[in-house]
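These are the residues of each chain, in order.
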Amino acid sequence: MSVAFAEVGVRTFPLGQSNPRVTEYHEYTNIRGYDDKAAWCSSFVNWSLAQVGIVGTNSALARSWLEWGEALSEPIPGCIVVLSRENPTGWKGHVGFFLGLNQEYIHLLGGNQLDQVREHSYTRDSVLGYRWPSKSVL
């Protein structure tokens, strides 16, 4: 989590420019070389884990994390949270690191949250799963 927190404030650049740090996040996924206009939440999680020697999904799709590591029935600090976006059965999603929750919202640290690395809250009904590294990804 310290690696991810150190990135707080990294953001997309205006149209016509690209933040090289976000491009670096993509280097850990199947969209290497893309600019900061491509969705980058999963790229950020992959990059963050790689910095501490944990193998991620190597995919830019948020929902790829539903098949990674071990499923948790309840969240624990720092676990990976996968959310639906628009359609719970569709392919779109969001992924970030768990910080906390209340009755209505789950609080995450993640990339591409309002176009930057930051903390942000999402409705709890959008949660698809909680994941934790298994020994096979360490």
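Since this is a predicted model, take the numbers as computed values, not measurements. (Residues numbered from 1 in each chain as written. Predicted model: local features only at pLDDT ≥ 70, side-chain atom pairs only at ≥ 80, totals over all residues. Heavy atoms only, no water.)

(A) Expanded view of the pairing of strand S3 (residues 93-101). A large share of S3 lies buried, amounting to seven of its nine residues. Sheet analysis places strand S2 (residues 80-84) next to S3, joined by five bridges and oriented antiparallel. What sits directly across from Ser 84, in S3, is Gly 93. As paired elements, S3 and strand S4 (residues 105-110) share four bridges and run antiparallel to each other. Each residue of the ladder has a partner; that of Phe 98, found in S4, is Leu 108. (Buried < 20%, exposed > 50% of the residue type's maximum accessible area, 1.4 Å probe, protein only. Helix = DSSP H or I, 4+ residues; strand = E, 2+ residues; numbered from the N terminus. Pairing = 2+ DSSP bridges.)

(B) Here's a closer look at unusual backbone geometry. You will see that Asn 112, though not glycine, has its phi angle at about 60°, which is positive. Relative to the helices and strands, Asn 112 is located in the loop between S4 and strand S5 (118-123). At Asp 115, a position not held by glycine, the phi torsion is positive, near 65°. Counting through the fold element by element, Asp 115 comes out in the loop between S4 and S5. Overall, Asp 115 belongs to the partly exposed group, its relative accessible area being 42%.

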